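Coordinate inspection notes
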Amino acid sequence: MADIITGMIKRYSADDRFTMEPDPAGKIIRLRFTDESWFEMEKKEAEKNIRVSFATSDRTVNEDIEHAILDSKDPIDDFIYDGMEEAGEEEEHKVEHYHDGVFRYAVDLPLDRAGVDEQAARVLDGLFYTFEEYAEGD
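Below is a short write-up of the structure. (Residues numbered from 1 in each chain as written. Predicted model: local features only at pLDDT ≥ 70, side-chain atom pairs only at ≥ 80, totals over all residues. Heavy atoms only, no water.)

The subject of this paragraph is the overall build of the protein chain. When its secondary structure is counted, the protein chain shows five helices and six strands. In sequence order, the secondary structure elements of the protein chain are arranged as α-β-β-β-β-α-α-α-β-β-α. For 138 residues, the compact-globule formula gives about 14 Å, and the C-alpha radius of gyration of the protein chain, at 14 Å, lands near that figure. The principal-axis extents of the C-alpha atoms in the protein chain amount to approximately 40 × 30 × 25 Å. Sequence separation of at least 24 residues holds for 54% of the intrachain contacts in the protein chain that already meet a minimum separation of 6. (Helix = DSSP H or I, 4+ residues; strand = E, 2+ residues; numbered from the N terminus. Rg over C-alpha atoms; globule rule 2.2 N^0.38 Å. Contact = heavy atoms within 4.5 Å.)

Quick look at the structure:
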């Protein structure tokens, strides 16, 4: 398998939804959506996975998402389902929501799975479809 981050850089370099910010070390690609919100893929070799996430430094964006999840009465994994379905991702995913300096909603995929690069792209698109309206603001 070609390096997944290099492949993602090629895949998203012409995607006008984002401003790409590749990591010089080649472990992370950040796709900036707004000044405060972005999508990220991080190759985590020690854990043997790739983490695909939506991140925001804007507390209001995070609170709006948290309120929407609560209002939906669904667990967070179900909350992202429609976005994943729109992106063509049929597998259900465990979503971790945490704060690591920014508010993050993340899905981990095993690096050794066949087709993980295509799945990671679908998951990123699914997160985009789920969180786009919150990140755009008013």
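Having seen the structure, we can now continue with the description.
Time to look at the sheet that holds strand 2 (residues 28–32). Strand order across the open sheet formed by six strands is 1-2-3-4-6-5, with antiparallel pairing between neighbours. Unpaired on one side and paired on the other, strand 1 (19–22) and strand 5 (96–99) mark the two borders of the sheet. Strand-to-strand, the axes of this sheet are offset by a mean angle of 20°, without reference to chain direction. The pairing of strand 2 with strand 3 (residues 37–44) spans five bridges and is antiparallel. Bridge pairing in strand 3 places Ile-29 opposite Met-41. Where helix 5 (residues 116–136) meets the sheet, it contacts strand 2, strand 3, strand 4 (49–56) and strand 6 (103–110), and its direction lies at approximately 10° from that of strand 4. (Pairing = 2+ DSSP bridges. Axes fitted to C-alpha atoms, helices over the stretch in contact; angles between N-to-C directions.)

With that out of the way, let us pick up the packing of aromatic side chains. For the structure on display, the rule yields twelve aromatic pairs. Pairing Phe-18 with Phe-39 gives two aromatic rings, centres 5.6 Å apart and planes at 65°, and the pair type is edge-to-face. Remark: Phe-39 occurs in strand 3 and Phe-18 occurs in the loop between helix 1 (4–12) and strand 1; sequence separation between them is 21 residues. Given a relative accessible area of 9%, Phe-18 falls into the buried group. Note on Tyr-105 and Phe-131: the rings are 5.0 Å apart at their centroids and 40° apart in plane angle, and the pair reads as tilted. You can see Tyr-105 sitting in strand 6 and its partner Phe-131 sitting in helix 5, a full 26 residues away along the chain. Seen from the ring of Phe-128, Arg-17 lies directly overhead, with NZ or CZ sitting 4.5 Å from the centre. (Phe/Tyr/Trp six-rings, centres within 6.5 Å; stacked < 30°, edge-to-face > 60°. Buried < 20%, exposed > 50% of the residue type's maximum accessible area, 1.4 Å probe, protein only. Lys NZ or Arg CZ within 6 Å of the ring centre and 35° of its normal.)

Attention now moves to a negative patch on the surface. A surface patch of negative charge is lined by Asp-74, Asp-77, Asp-78, Asp-82, Glu-85, Glu-86, Glu-90 and Glu-92. For the negative patch, the elements supplying multiple residues, two or more each, are helix 3 (76–79) and helix 4 (81–86). Checked against the element boundaries, Glu-86 lands in helix 4. The exposure class assigned to Glu-86 is exposed, which follows from its relative accessible area of 56%. (Patch = residues over 30% accessible without salt bridge, like charges linked within 9 Å, V, L, I, M, F, W, Y side chains within 5 Å. Areas by Shrake-Rupley, 256 points an atom, 1.4 Å probe, with all protein chains shown as cover. Salt bridge = Lys/Arg side-chain N within 4 Å of Asp/Glu carboxyl O. Lys, Arg positive; Asp, Glu negative; His and termini not counted. Charge placed at Lys NZ, Arg CZ, Asp CG, Glu CD.)

Interaxial distance between helix 1 and helix 5 falls to 11 Å at its minimum, and their mutual angle equals 50°. With respect to their mutual orientation, helix 1 and helix 5 come out oblique. As helix 1 packs across helix 5, the resulting crossing turns out to be right-handed. Mapping the contact onto sequence places Ile-4, Met-8, Arg-11 and Tyr-12 in helix 1 and Val-116, Asp-117, Glu-118, Ala-120, Ala-121, Leu-124 and Asp-125 in helix 5. Split into classes, the residues belonging to the contact of helix 1 with helix 5 amount to seven nonpolar, no polar and four charged. (Parallel < 35°, antiparallel > 145°, perpendicular 65-115°, else oblique. Left-handed = near helix turned anticlockwise from the far one by under 90°. Nonpolar A, V, L, I, M, F, W, Y, C, P; charged D, E, K, R; others polar.)

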